[in-house]
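So the chains spell out like this:
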Amino acid sequence: SSGINAEYGVTVINGVLKPGTPICVPSKEFVYLGLVTSLEVNNKQVESATTGMDVCIKIENIGGDAPKLYGRHFDENDVLVSKITRDSIDVLKEYFRDDMTKENWKLIVELKKLFEIM
């Protein structure tokens, strides 16, 4: 199925944002927006963005339901969040432990509560 691409200017509030990250909007019943497919800073593609960075992200609605639209399903007042799962946490522990900071793990703990992951 073909996805719809949408670009958004965002500020990374906490953590690290990378391509492939699934994004949802907790304040709107966790509506799923899609996967981040690219990040740009000053029109240059970057591999990741960290806390405090302003980036332009492209979100592609791959699979899933009808595309969610800015202004209708969410707006600039909503916080976009990485949609984590028990599996994605296990992957972080197994393969990315060395890349993770104490702050990153604190964020994961907060997200586990948000998503009610045991």
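Note: the structure precedes this text.
The structure reproduced in this document is the subject of the present report. (Residues numbered from 1 in each chain as written. Predicted model: local features only at pLDDT ≥ 70, side-chain atom pairs only at ≥ 80, totals over all residues. Heavy atoms only, no water.)

### Quick word on helix α2 (residues 102–114)
Here is step 1 of the chain: Taking 1.5 Å of rise per residue, 13 residues should cover 18 Å, and α2 covers 19 Å from first to last C-alpha, within 8% of that figure.
Here is step 2 of the chain: Every buried residue of α2 is accounted for by Asn 104, Leu 107, Ile 108 and Leu 111. On an axial view of α2, the arc spanned by its buried residues comes to 105 degrees, and they lie on one face. In α2, the exposed positions angled more than 90 degrees off the buried face are occupied by Lys 102, Lys 106 and Lys 113.
Here is step 3 of the chain: As for α2, its buried residues are in contact with β2 (16–17), β8 (81–82) and α1 (86–95).
Here is step 4 of the chain: Just beyond α2, the residue with positive phi is Glu 116, at close to 55 degrees. (Helix = DSSP H or I, 4+ residues; strand = E, 2+ residues; numbered from the N terminus. Expected span 1.5 Å × (residues − 1). Buried < 20%, exposed > 50% of the residue type's maximum accessible area, 1.4 Å probe, protein only. Arc of directions from axis to C-beta. Contact = heavy atoms within 4.5 Å.)

### Some words on the packing of aromatic side chains
Here is step 1 of the chain: Tallied over the full model, the rule gives 4 aromatic pairs.
Here is step 2 of the chain: Each ring, one from Tyr 8 and one from Tyr 70, has its centre 6.1 Å from the other, and the planes form 45 degrees; the classification is tilted. Placement of Tyr 8 in strand β1 (residues 5–11) and of Tyr 70 in the loop between β7 (54–60) and β8 is noted, with a sequence separation of 62 residues between them.
Here is step 3 of the chain: Classification of Tyr 8 by relative accessible area gives buried; the value is 14%. (Phe/Tyr/Trp six-rings, centres within 6.5 Å; stacked < 30°, edge-to-face > 60°.)

### Remarks on the packing of α1 against α2
Here is step 1 of the chain: Their axes nearest at 12 Å, the elements α1 and α2 cross at an angle of 165 degrees. Put simply, α1 runs roughly antiparallel to α2. The interaxial crossing formed by α1 with α2 has left-handed handedness. Touching Arg 86, Ile 89, Leu 92 and Lys 93 of α1 are Trp 105, Ile 108 and Lys 112, all from α2.
Here is step 2 of the chain: Looking at the contact of α1 with α2, its residues break down into 4 nonpolar, no polar and 3 charged. (Axes fitted to C-alpha atoms, helices over the stretch in contact; angles between N-to-C directions. Parallel < 35°, antiparallel > 145°, perpendicular 65-115°, else oblique. Left-handed = near helix turned anticlockwise from the far one by under 90°. Nonpolar A, V, L, I, M, F, W, Y, C, P; charged D, E, K, R; others polar.)

### Regarding a nonpolar patch on the surface
Here is step 1 of the chain: A cluster of nonpolar residues, Val 91, Tyr 95 and Phe 96, forms a patch on the protein surface that exposes about 300 Å² of accessible area.
Here is step 2 of the chain: Structurally, the position occupied by Tyr 95 is in helix α1.
Here is step 3 of the chain: For Tyr 95, a relative accessible area of 58% puts it in the exposed group. (Patch = residues over 30% accessible without salt bridge, like charges linked within 9 Å, V, L, I, M, F, W, Y side chains within 5 Å. Areas by Shrake-Rupley, 256 points an atom, 1.4 Å probe, with all protein chains shown as cover. Salt bridge = Lys/Arg side-chain N within 4 Å of Asp/Glu carboxyl O.)

### Focus: the nonpolar core
Here is step 1 of the chain: With 15 residues, the main nonpolar core has Leu 17, Val 36, Leu 39, Val 55, Ile 57 and Ile 59 as its most contacted residues.
Here is step 2 of the chain: Elements with a minimum of two residues in this core: β1, β3 (22–25), β4 (31–41) and β7.
Here is step 3 of the chain: Tallying contributions element by element places β4 first for this core, with 4 residues. (Core = buried A, V, L, I, M, F, W, Y, C linked by side-chain atoms within 4.5 Å.)

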